[in-house]
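# What the coordinates show
Spelled out, the chains give:
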Amino acid sequence: MTTVEKSIVTDMTLAPEGHLKIDWVQAHMPVLNRIREQFEKEQPFKGLKVTISLHLEAKTAYLAKVVKAGGADVTITGSNPLSTQDDVCAALVEDGITVFAKYNPSPEEYKELLIKALETKPDLIIDDGGDLVSILHSERKDLAAQVRGGAEETTTGILRLKAMEKEGKLEFPMVAVNDAFCKYLFDNRYGTGQSVWDGINRTTNLVVAGKTVVVVGYGWCGKGVAMRAKGLGANVIVTEIDAIKGVEAYMDGFAVMPMVEAAKLGDFFVTVTGNRDVIRGEHYKVMKDGAILSNAGHFDVEVNKPELEAQSVSKRTVRRNIEEYQLTDGRKIYVLAEGRLVNLAAGDGHPAEIMDMTFALQAMSLKYVNDEYKNLGKTVVNVPYVLDEQVARFKLESLGTSIDSLSDEQKLYLDSWAEH
């Protein structure tokens, strides 16, 4: 069967627009282009099947093409119902990649598409949020035996993997790409920081300057969101459960307070915790009329929508990706992109140059786990520093920038324990 016959996509006539999108990001992903050249020569995945579950837009599509260039038979599916772009899916099918994905499927359809992608019996996987791994360890354990290992993209996914590892239930090695320096320092901070505000601004068409922005969680994603909000002229409040991060946010110049207090002050809210119910019923009761809620965590559970609906007398869509909830006292609260990832569901995700580094790590980590899976055990594995640094060096070279190197004397000095 051809990829067209095997695939499930919305409309193959959309392919030309998808090709243009992929061509655009390819032109701005020099690190991944360099890795593609290596893969074409070395064919590290020759004869292997790879299944990918990521936010299925142009940058992800190019990663899939790079893996295919390494000899793999690639199947791809989405990792969020609202982030899949149908034109990109159609273009990938024309490029010889099997696709099981479409924009805004029902929860049942979404799960079915994930399972179909796994029924190709992959040797390697790339996961986002742990959905593939979860299925392979629950209702489709029969498909797990062939899997050599894989790589995980997100904080949420790694938390799930580490919980499985702790319970002794993880059946194959998974590389924690999110924990690599070239992922969280750049993707989580600069990528999320910019793309969240891209999504909010294009969706609301409202000014940020002078408004109060509440950033819920001050991990690397929260740092980026707060930094960019400040740059747009906002007054920024950070809420945290970690005292160290709270002090860090304070010393970065932001107000720090509990959510029940911040809820009274915020005009925009952005959740970036990876946890559930961080904005909930008690907070809605004190929010301003017109407060705008958004989420940049992986799952749509950070903003508790059932409790918001329970306090509302009406709900309507007032603009694409904006739902208005009118409360019993007449106040209106707005939720962007159904509480899903606002930067992807209401935008195009991280900039191409940022994802160039992240997806370079994904490609190199996939090769690493394939080369070493017999030695890694059934564990969550860190990205080797040599790969992390190589991505950074490729990035610097693409920028026409170089750095210093240690002399032999300096190396000896640093390695010596004797009195200096």
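Residues numbered from 1 in each chain as written. Predicted model: local features only at pLDDT ≥ 70, side-chain atom pairs only at ≥ 80, totals over all residues. Heavy atoms only, no water.

A count of helices and strands for the protein chain gives 18 helices and 15 strands. Relative to the globule expectation of 22 Å for 420 residues, the C-alpha radius of gyration of the protein chain, 22 Å, shows essentially globular dimensions. Seen through its C-alpha atoms, the protein chain measures out along the principal axes to roughly 70 × 65 × 45 Å. Out of the 420 residues belonging to the protein chain, those deemed buried represent 54%. Contacts spanning at least 24 positions in sequence make up 71% of the contacts within the protein chain whose residues lie at least 6 apart. Total accessible area computed for the protein chain in this model is approximately 18,600 Å², and 51% of it derives from carbon and sulfur atoms. Averaging the positions of the 48 positive and the 61 negative side-chain charges in the protein chain gives two centres separated by 3 Å. (Helix = DSSP H or I, 4+ residues; strand = E, 2+ residues; numbered from the N terminus. Rg over C-alpha atoms; globule rule 2.2 N^0.38 Å. Buried < 20%, exposed > 50% of the residue type's maximum accessible area, 1.4 Å probe, protein only. Contact = heavy atoms within 4.5 Å. Areas by Shrake-Rupley, 256 points an atom, 1.4 Å probe, with all protein chains shown as cover. Lys, Arg positive; Asp, Glu negative; His and termini not counted. Charge placed at Lys NZ, Arg CZ, Asp CG, Glu CD.)

Another point: the pattern of salt bridges. Under the criterion given, the structure shown has 30 salt bridges. Of the charged contacts, one joins K21 and D87 as a salt bridge, the two residues approaching to 2.9 Å between their closest N and O atoms. Of the two residues, K21 is situated in helix α2 (residues 15-26) and D87 in helix α5 (residues 86-94); the sequence distance between them amounts to 66 residues. Take D87: its relative accessible area is 6%, and that puts it in the buried class. The partner of K183 in a salt bridge is D187, with the nearest N and O atoms 3.5 Å apart. Within this pair, K183 and its partner D187 are both found in helix α9 (residues 181-204), separated by 4 residues, close to a single helical turn. Each of D300, K305, E338 and R340 takes part in salt bridges that share partners, so that together they form one network. (Salt bridge = Lys/Arg side-chain N within 4 Å of Asp/Glu carboxyl O.)

This part is about the sheet that holds strand β1 (residues 49-53). Strand order in this open sheet of 7 strands is β3-β2-β1-β4-β5-β6-β15, and the pairing throughout is parallel. Edge strands, defined here as strands with exactly one partner in the open sheet, are β3 (98-100) and β15 (380-382). When strand polarity is set aside, the average angle formed by the axes of neighbouring strands in this sheet is 20 degrees. The pairing of strand β2 (residues 73-77) with β3 spans 3 bridges and is parallel. Counted as the bridge partner of T75 is T98 from β3. (Pairing = 2+ DSSP bridges. Axes fitted to C-alpha atoms, helices over the stretch in contact; angles between N-to-C directions.)

What follows deals with the sheet that holds strand β11 (residues 292-295). Read across the sheet, 8 strands follow the order β9-β8-β7-β10-β11-β14-β13-β12 without closing on themselves; strand pairing throughout is mixed. Edge positions in the sheet fall to β9 (255-256) and β12 (312-319), since each of these pairs with one other strand and no more. Of the pairings in the sheet, the one linking strand β7 (residues 212-216) to strand β8 (residues 235-239) comprises 5 bridges and is parallel in character. Across the sheet, residue V214 finds its bridge partner in β8, namely I237. This element, α9, spans β7, β10 (268-271), β11, β12, β13 (322-327) and β14 (332-336) of the sheet and lies at about 140 degrees to β10.

This paragraph deals with the pairing of β1. Burial analysis of β1 places 4 of its 5 residues in the buried class, the great majority of the element. Between the parallel pair β1 and β2, the chain is carried across by helix α4 (residues 58-69), and the sense of this crossover is right-handed. (Right-handed = clockwise from strand over helix to strand, strands pointing away.)

Our next topic: the UniProt feature "domain: S-adenosyl-L-homocysteine hydrolase NAD binding" (unreviewed entry) in the protein chain. If you check UniProt for "domain: S-adenosyl-L-homocysteine hydrolase NAD binding" (unreviewed entry), the listed places come out as residues 188-349 in our numbering. Split by type, residues 188-349 is 35% helix and 24% strand. Its first and last C-alpha atoms lie 11 Å apart. (UniProt positions renumbered as here; feature names shortened; annotations may be inferred.)

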